[in-house]
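# Breakdown of the fold
Here is how the chains run, residue by residue.
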Amino acid sequence: MTNTPVAAARSRTKRVLLAAPRGYCAGVDRAVVTVQKALDLYGPPVYVRKEIVHNKHVVTTLEKRGAIFVEETDEVPEGATVIFSAHGVAPVVHEEAAALKLKTIDATCPLVTKVHREAVRFANDDFDILLIGHEGHEEVVGTAGEAPQHITLVQSPDHVDEVTVRDPDKVVWLSQTTLSVDETMETVRRLREKFPKLQDPPSDDICYATQNRQLAVKQMAPDTDLMIVVGSRNSSNSVRLVEVALEHGSRAGHLVDYADEIDESWLDGVTTVGVTSGASVPEVLVRDVLDYLAARGYEDVTAVQAAQESLLFALPNELRRDLKLAGNGDDKVRHDAGALR
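Everything in this summary refers to the structure shown in the same document. No experiment lies behind these values; they were computed from the predicted model shown.

### Looking at the overall build of the chain
Within the chain one finds 11 helices and 12 strands. Taking 20 Å as the expected radius of gyration for a compact globule of 341 residues, we find that the chain reaches 22 Å, a close match to that expectation. Expressed along its principal axes, the backbone C-alpha trace of the chain runs to roughly 70 × 55 × 30 Å. Across the 341 residues that make up the chain, the buried fraction comes to 54%. Here the analysis covers contacts within the chain between residues at least 6 apart in sequence; of these, 77% occur between residues at least 24 apart. Only carbon and sulfur atoms are counted for the fraction: they give 49% of the accessible area of the chain, which is about 15,200 Å². Positive and negative charge centroids in the chain, built from 37 and 53 side chains respectively, lie 5 Å apart.

Rendered as structure tokens:
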């Protein structure tokens, strides 16, 4: 198809396509605000088991306020306050905390908690559970810990041939909440070829925010020469966004924590830059990327709206109770956790 003069001129104009939605999801917002309010209420230090969310900037900012991040429960002093991350923990972690008389605040995303409950329910009904996810990811470790004798991890479509079950008539799949929708559905398709009576979870396990951010990238990718995804390398959903961009037509894609990580050579010959961010990324980091691009001639910014999001989660019950006892009724989650400057 031949471009009209107007279309041709537009195609030569530097521009940015900005994904919407992007950045913080409700579960991340809730988790980050939980740490902030715990620091305000109890004073530092407040211990957090694992990174509260997978974002370098968020963790560093909270550390400066007095949060201490630890890898294992036994690193927390006896009787101290510990917050469990948004990714969830196995029941054994709660037992460890109780043995150390720790005050616990569970900031597990409610959508992850839903998957935990599904695992318990199907294990109680003696199903084999095929958990689609990445080995070693904290969310997978937590979910698998709910029913270790019943759960088999399936990491990708290529792993399906290795899967065995006790009874092919009693098998169900569940998934990590932050996976590529397309790859997960391909894994399920192959599993169902092998186990025709494979049952689905009661509702989608891949969270709404992961799906919406991938959908926006799919819409943008065919029109972008370069996709910049703001997010940390240990953030599963952020890494998936780069993969989705490349799979759906973006000529190049890169993951950055900060604008100053952008290599200016990436912009050589680039007319259209797509910009988005993972579900654990504060908006201030995206704004820094937009400023970087504007300074290099990419001032024309167009939003690509794939979905509307309005979901908010209440803070953990333990924290809400203490806020109320302290006469602080402000137990609301605020969007983007106050930007975390």
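So, next bit.
### Considering the packing of aromatic side chains
Centre distance and the angle of the planes are the two values used to describe a pair of aromatic rings. Applying the stated rule across the entire model yields one aromatic pair. Aromatic side chains Phe122 and Phe127 sit 5.4 Å apart centroid to centroid with 75° between the ring planes, which places their arrangement in the edge-to-face category. The burial state of Phe122 is the same as that of Phe127; both residues are buried. Above the face of the Phe122 ring, Arg121 is positioned so that its terminal group lies 4.7 Å from the ring centre. In this arrangement the basic side chain of Arg296 is found over the ring face of Tyr292, its NZ or CZ atom lying 3.6 Å from the centre.

### Some points on the nonpolar core
Within soluble globular proteins, side chains that are nonpolar tend to cluster in buried spots. Residues Val35, Ile52, Val53, Leu62 and Ile83 are the most contacted members of the largest nonpolar core, which totals 33 residues. Broken down by secondary-structure element, the contributors of at least two residues to this core are helix 2 (26-42), strand 2 (46-49), helix 3 (56-65), strand 3 (67-70), helix 5 (110-124) and helix 11 (317-325). The dominant element in this core, judged by the number of residues it contributes, is helix 2, at eight residues. With residues near it in sequence (within four places) discarded, Ile52 still touches Ala31, Val32, Val35, Val58, Leu62, Phe69, Ile83, Phe84, Ser85, Ala86, His87 and Ala107. One finds Ile228, Val286, Val289 and Leu293 within the second-largest nonpolar core, a separate group that totals 21 residues.

### Structural notes on the environment of Asp288
Within the secondary structure layout, Asp288 lies in helix 10 (residues 283-294). Residues Asp288 and Ala259, spaced 29 residues apart in sequence, show a C-alpha to C-alpha distance of 5.9 Å.

### Points about the environment of Thr34
Its location among the elements puts Thr34 in helix 2. Considered as a pair, Thr34 and Arg192 are 158 residues apart in the sequence and their alpha carbons are 40 Å apart. Once residues lying within four places of it in the same chain are set aside, the contact partners of Thr34 are Ile83, Ile105, Ala107, Leu315, Pro316 and Leu319.

### Structural notes on the sheet that holds strand 9 (residues 226-230)
Ordered by their spatial adjacency, five strands build an open sheet running 10-9-11-1-12, and the pairing between neighbours is parallel. Each edge of the open sheet carries a strand with a single partner, namely strand 10 (253-256) and strand 12 (300-305). On average, each strand axis in the sheet is tilted by 25° relative to the strand beside it, whichever way the strands run. The sheet strands contacting helix 9 (residues 236-247) are strand 9, strand 10 and strand 11 (272-277), and the helix crosses strand 10 at an angle near 165°.

### Considerations on a negative patch on the surface
A cluster of acidic residues, Asp74, Glu75, Glu95 and Glu96, forms a negative patch at the surface. Mapped onto the fold, Glu96 is located in helix 4 (residues 91-99). A relative accessible area of 33% places Glu96 in the partly exposed class.

### Notes on helix 3
All of the buried residues along helix 3 are His57, Val58, Val59, Thr61 and Leu62. Structurally, helix 3 contributes buried residues whose contacts are with helix 2, strand 3 and helix 10. Two residues or fewer past helix 3, Gly66 is found with a positive phi of approximately 120°.

### Examining the environment of Thr164
Tracing the backbone shows Thr164 in the loop between strand 7 (151-154) and strand 8 (171-175). Residues Thr164 and Glu183 lie 19 residues apart in sequence; the distance between their C-alpha atoms is 20 Å.

What counts as what
- Residues numbered from 1 in each chain as written.
- Predicted model: local features only at pLDDT ≥ 70, side-chain atom pairs only at ≥ 80, totals over all residues.
- Heavy atoms only, no water.
- Helix = DSSP H or I, 4+ residues; strand = E, 2+ residues; numbered from the N terminus.
- Rg over C-alpha atoms; globule rule 2.2 N^0.38 Å.
- Buried < 20%, exposed > 50% of the residue type's maximum accessible area, 1.4 Å probe, protein only.
- Contact = heavy atoms within 4.5 Å.
- Areas by Shrake-Rupley, 256 points an atom, 1.4 Å probe, with all protein chains shown as cover.
- Lys, Arg positive; Asp, Glu negative; His and termini not counted.
- Charge placed at Lys NZ, Arg CZ, Asp CG, Glu CD.
- Phe/Tyr/Trp six-rings, centres within 6.5 Å; stacked < 30°, edge-to-face > 60°.
- Lys NZ or Arg CZ within 6 Å of the ring centre and 35° of its normal.
- Core = buried A, V, L, I, M, F, W, Y, C linked by side-chain atoms within 4.5 Å.
- Pairing = 2+ DSSP bridges.
- Axes fitted to C-alpha atoms, helices over the stretch in contact; angles between N-to-C directions.
- Patch = residues over 30% accessible without salt bridge, like charges linked within 9 Å, V, L, I, M, F, W, Y side chains within 5 Å.
- Salt bridge = Lys/Arg side-chain N within 4 Å of Asp/Glu carboxyl O.

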